[in-house]
Amino acid sequence: FLSTLTSLLRQKLDTLGSGYELTHAPMDSDLVPSSKYYQILKEQNANLDYLMPQFYNGLTRPAVDGVLNGNQGRISAVSMFDDLANDLFP
């Protein structure tokens, strides 16, 4: 459903002209490579203008750990960013 919706929405926005952006705002827990949502975003990356990850109450704790550490959070925010930059949007 989400993959089809993203594709169709991109097509519709493109026919309306400039000034429209298509984004997703997933929680960080959905941005691990093993998640289904991550895989959908990866296959739809050309249809997205940008991604707005939500870094609160999830796997990362950048406010407590900073972006490099993963003490309170299960993973560091920087390792998640690396996956996004190098795998999801290469």
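Quantities reported herein were computed from a predicted structural model and do not represent experimental measurements.

A. Structural view of the environment of P62. Assignment of secondary structure puts P62 in helix 3 (residues 62-65). Linking P62 and V78, residues 16 residues apart in sequence, is a C-alpha distance of 9.1 Å.

B. The arrangement of helix 1 (residues 2-16) in detail. Taking 1.5 Å per residue, 15 residues should reach 21 Å; helix 1 reaches 21 Å between its end C-alpha atoms and fits that length. Contact partners of the buried residues in helix 1: strand 1 (23-24) and helix 2 (36-43). Just past helix 1, the residue G17 takes up positive phi, approximately 105°.

C. Just the side chain of S3, in detail. As for its position among the elements, S3 is in helix 1. Classification of S3 by relative accessible area gives buried; the value is 15%. Not counting chain neighbours up to four residues away, the residues in contact with S3 comprise I40, E43 and Q44.

D. Focus on the nonpolar core. Formed by L13, L22, L31, Y37, Y38, L41, L48, L51, L59, M80, L84 and L88, the largest nonpolar core amounts to twelve residues. Counting only elements with at least two residues in this core, the list comes to helix 2 and helix 4 (77-88).

E. Molecular detail of the pattern of salt bridges. Scanning all chains against the criterion turns up three salt bridges. D87 is paired through a salt bridge with K42; the nearest N and O atoms lie 2.8 Å apart. Here D87, found in helix 4, pairs with K42, found in helix 2; they are 45 residues apart in sequence, far enough to count as distant. Since its relative accessible area comes to 27%, D87 is described here as partly exposed. For K42, a relative accessible area of 32% puts it in the partly exposed group. Taken together, the shared-partner salt bridges connect R10, D14 and D49 into one network.

Basis of the calculations
Residues numbered from 1 in each chain as written. Predicted model: local features only at pLDDT ≥ 70, side-chain atom pairs only at ≥ 80, totals over all residues. Heavy atoms only, no water. Helix = DSSP H or I, 4+ residues; strand = E, 2+ residues; numbered from the N terminus. Expected span 1.5 Å × (residues − 1). Contact = heavy atoms within 4.5 Å. Buried < 20%, exposed > 50% of the residue type's maximum accessible area, 1.4 Å probe, protein only. Core = buried A, V, L, I, M, F, W, Y, C linked by side-chain atoms within 4.5 Å. Salt bridge = Lys/Arg side-chain N within 4 Å of Asp/Glu carboxyl O.

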